[in-house]
Amino acid sequence: MKLSFTKMQGAGNDYVYINGFDYKLTAEQAEQLAIQLADRHFGIGGDGLVIIDPTDSADARMRMYNADGSEGRMCGNAIRCVAKYIVDAKIAEKETVLIDTLSGPKTIVMNSVTPLESIATVDMGPASFALPDIPVTSKEEQWIAHPFDTSQGTFPITTLSMGNPHGVVFMEEIESLDLPKLGAAFELHPSFPQRINTEFVVVHSPTEISMRVWERGSGETLACGTGACAAVAASVVNGHCDPETWITVHLLGGDLDIYYSEETIYMRGPATIVFTGEIEVDI
Ligand SMILES: N[C@@H](CCC[C@H](N)C(=O)O)C(=O)O
């Protein structure tokens, strides 16, 4: 069959977007398509696949799949792009939209910059540091700068859930890291039965940090929205950054602004159309 798609990116975290109002895709088909379409040599190319489905409880429902076909519970960069998509397609004729995800509904406020780019502010909900929420196989309650042994050495890790699992490690520098080796040592560690996304973070000031990210299911990406929120939450909880003020997070693909409070976390960043097209798929 011929499938219409839109390729979009947020801070360089790029996904193939399919309009689920037009195509009804089962979870099995979506997993298969994610692997096929995300391939940068034999497919369209991307960090995974996002399907925008109808729902009665919100303006749309987001289903996101990593490049290996695994389903993610939440994606910060994709939810901004989904909001842009439904506003542009007039699925929602307003600037504040509600999108359902596996980790609950999120409210997004849109500001159009150019026809191809919007800036979106997302209410991401609160961070949870409780180990069963991540989950982490340990009897302790929280891991805040917890000495964590991996095949690549021992690192102080702070773990949290942003609707999906994150580990944050503060470092002196991140340019020289061998992320495929290091990221995989965290992602596949037996302490994380559902695997984990890991952020490697340098703190510049109480309102500015840089990070590189290794995403479960997709490897190193140019940005991770939930990861940027996790990095800021961990920076505040470890006393490196200020709460209740906007913090700039520099990522390989651009900047995201994050506001942390105990009640909720806001994320502000771009949502950009790259191109649209049609592809013949065998599903
Ligand atoms: N890129 C994302 C997160 C995507 C899902 C993640 N790899 C997972 O499986 O939890 C973001 O922008 O948040």
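Residue indices begin from 1 for each chain and proceed along its sequence in written order. Whole-chain, interface and lining totals are the exception, using all residues; otherwise, since this is a predicted model, local features are given only for residues with pLDDT of at least 70 and side-chain atom pairs are given and counted only at 80 or more. Processing note: side-chain calculations cover all non-hydrogen atoms of the structure and skip hydrogens and water entirely.

Chemist: Would you take a moment to explain the overall build of the chain for this structure?
Modeler: Helix numbers and strand numbers start at the N terminus; a helix is a DSSP run of H or I with at least 4 residues, a strand a run of E with at least 2. A count of helices and strands for the chain gives four helices and 17 strands. The C-alpha atoms of the chain give a radius of gyration of 18 Å, which matches the 19 Å a tight globule of 283 residues would have. Relative accessibility decides the category of a residue: with a 1.4 Å probe and only protein chains considered, values under 20% of the type maximum give buried, values over 50% give exposed, and everything between is partly exposed. Looking at the chain as a whole, 55% of its 283 residues are labelled buried. Residue contacts follow a heavy-atom distance rule, with two residues in contact if any of their heavy atoms lie within 4.5 Å. Of all intrachain contacts in the chain linking residues separated by at least 6 positions in sequence, the fraction that spans at least 24 positions is 63%. Averaging the coordinates of the 18 positive side-chain charges in the chain and doing the same for the 39 negative ones gives two points 5 Å apart. The globule rule is 2.2 Å times the number of residues to the power 0.38, and the radius of gyration it is compared with is taken over C-alpha atoms. Under this rule, positive means Lys or Arg and negative means Asp or Glu; His and the chain ends count for nothing. Working definition for charges: the position is that of NZ of Lys, CZ of Arg, CG of Asp or CD of Glu.

Chemist: Help me out: how do you make sense of the environment of Tyr-266 in this one?
Modeler: Note that Tyr-266 resides in strand S17 (residues 265-280). Spatially, the C-alpha atom of Tyr-266 lies 15 Å from that of Leu-98, the residues being 168 residues apart in sequence. The contact partners of Tyr-266, leaving out residues within four places of it in the chain, are Val-122, Asp-123, Trp-246, Asp-257, Ile-258 and Tyr-259.

Chemist: Honestly, the domain arrangement of the chain in this entry has me stumped. Any pointers?
Modeler: How big an interface is tends to be reported as the loss of accessible area on association of its parts. For the chain, the assigned domains are domain 1 (2-123 + 270-280) and domain 2 (131-262). All domain edges in this entry derive from an automatic or database-based domain assignment. Measuring from the centre of the C-alpha atoms in domain 1 to the corresponding centre in domain 2 gives 24 Å. Contacts between the two partners involve 19 residues from domain 1, matched on the other side by 19 residues from domain 2. Accessible area that two parts lose when put together, with a 1.4 Å probe and added across both, is what the buried area reports. Across the domain 1 to domain 2 interface the summed buried area is about 1200 Å²; carbon plus sulfur atoms make up 46%. It is Ala-11, Asn-66 and Met-74 that lose the most area in domain 1 upon contact with domain 2, and together they represent 32% of the buried surface on that side. Any carboxyl oxygen of Asp or Glu within 4 Å of a side-chain nitrogen of Lys or Arg constitutes a salt bridge here. Here domain 1 and domain 2 share one salt bridge between them.

Chemist: Can you help me understand the UniProt feature "binding site: substrate" (unreviewed entry) in the chain in this one?
Modeler: UniProt positions are given in the numbering used here, feature names are shortened, and annotations may be inferred rather than shown by experiment. Following the UniProt record, one finds the feature "binding site: substrate" (unreviewed entry) at Asn-13, Asn-66, Gly-76, Asn-77, Asn-164, Asn-197, Glu-215, Arg-216, Gly-225 and Thr-226. Residue position: Asn-66 is located in strand S4 (residues 60-66). By relative accessible area, which is 4% here, Asn-66 ends up buried. Apart from residues no more than four positions distant in its own chain, Asn-66 is found in contact with Ala-34, Asp-47, Gly-48, Gly-72, Glu-215, Arg-216, Gly-217 and Ser-218. When you line up the elements, Gly-76 lands in helix H2 (residues 76-88). Taking the relative accessible area as the measure of exposure, Gly-76 reaches 0% and is therefore buried.

Chemist: Would you mind showing me how to read helix H1 (residues 27-38) here?
Modeler: What a helix is expected to span follows from its residue count: subtract one and scale by 1.5 Å. Given a rise of 1.5 Å per residue, twelve residues ought to cover 16 Å, and the 16 Å separating the end C-alpha atoms of H1 matches this to within 8%. Contact partners of the buried residues in H1: strand S1 (2-10), strand S2 (13-19), strand S3 (48-53), S4 and S17.

Chemist: Just to check I follow, could you spell out the site of the ligand for this structure?
Modeler: Summary of the distance rule: residues count as near a molecule or strand when at least one heavy atom falls within 4 Å of that molecule or strand. Around the ligand, 15 residues are found, and the nearest of them are Asn-13, Gly-76, Arg-216, Gly-225 and Thr-226. Whenever two N or O atoms come within 3.5 Å, that pair is a polar contact, provided that in protein one can donate a hydrogen and the other can accept it, and provided that, for residues adjacent in sequence, both atoms are side-chain atoms. A distance of 2.7 Å separates a nitrogen atom of the ligand from a polar atom in the side chain of Asn-13. Between the ligand and Tyr-15 there is a distance of 3.0 Å, counted from a nitrogen atom to a side-chain nitrogen or oxygen. Reported accessibility uses the Shrake-Rupley method at a 1.4 Å probe radius. Residues are deemed covered only where the shown protein chains occlude them. Contact with the protein chains covers 100% of the free accessible surface of the ligand, which is 370 Å². Residue polarity is assigned by list, with Asp, Glu, Lys and Arg as charged and Ala, Val, Leu, Ile, Met, Phe, Trp, Tyr, Cys and Pro as nonpolar; anything else, Gly included, falls into the polar class. Here the shell around the ligand is built from residues that sort into five nonpolar, eight polar and two charged. Shared between two domains, the shell around the ligand takes at least three residues from each, and those domains are domain 1 (2-123 + 270-280) and domain 2 (131-262).

Chemist: Would you explain the nonpolar core in this entry?
Modeler: Most often, soluble globular proteins have nonpolar side chains that are buried together. For this analysis, a nonpolar core means a set of buried residues of the types Ala, Val, Leu, Ile, Met, Phe, Trp, Tyr and Cys, connected via side-chain atoms within 4.5 Å. Tyr-17, Met-62, Ile-99, Ile-108, Leu-160 and Ile-258 are the most contacted members of the largest nonpolar core, which totals 55 residues. No other element matches helix H4 (residues 225-237), which puts eight residues into this core. When we break this core down by domain, the ones giving at least three residues each are domain 1 (2-123 + 270-280) and domain 2 (131-262). Setting aside residues no more than four positions away along its own chain, Ile-99 makes contact with Ala-58, Ala-60, Met-62, Ile-79, Val-82, Ala-83, Ile-86, Gly-104, Pro-105, Lys-106 and Ile-108. Counting 19 residues, the second-largest nonpolar core is a separate cluster that includes Ile-174, Leu-182, Phe-186 and Phe-192.

Chemist: Looking at this structure, I do not really get the packing of aromatic side chains. What am I missing?
Modeler: Think of it this way: a Phe, Tyr or Trp ring, Trp meaning its six-membered ring, pairs with another when their centres are within 6.5 Å, and the plane angle makes it stacked under 30 degrees, edge-to-face over 60, tilted otherwise. This model, assessed by the stated rule, comprises ten aromatic pairs. Ring pairs connect the aromatic residues Trp-143, Phe-148, Phe-155, Phe-186, Phe-192 and Phe-200, which therefore count as one cluster. A positively charged side chain is recorded as over a ring if its NZ (Lys) or CZ (Arg) lies within 6 Å of the ring centre. The angle to the ring normal must also be within 35 degrees. Its end group placed over the ring of Trp-246, Arg-268 keeps NZ or CZ at 4.1 Å from the ring centre.

Chemist: Looking at this model, I keep getting lost on the environment of Val-169. Mind explaining?
Modeler: Within the secondary structure, Val-169 sits in strand S11 (residues 165-170). For Val-169, the residues in contact, after removing those within four places along its chain, are Phe-155, Pro-156, Ile-157, Phe-186, Thr-198, Glu-199, Phe-200 and Val-201.

Chemist: Looking at this structure, how should I read the side chain of Thr-226?
Modeler: Looking at where Thr-226 falls in the secondary structure, it is placed in helix H4. According to the relative accessible area criterion, Thr-226 is buried, its value standing at 1%. A polar atom in the side chain of Thr-226 sits 3.2 Å from the side chain of Asn-164. At a separation of 3.1 Å, a polar atom in the side chain of Thr-226 contacts the side chain of His-166. Once residues within four sequence positions are removed from consideration, Thr-226 is found in contact with Met-74, Cys-75, Gly-76, Met-124, Met-162, Asn-164 and His-166.

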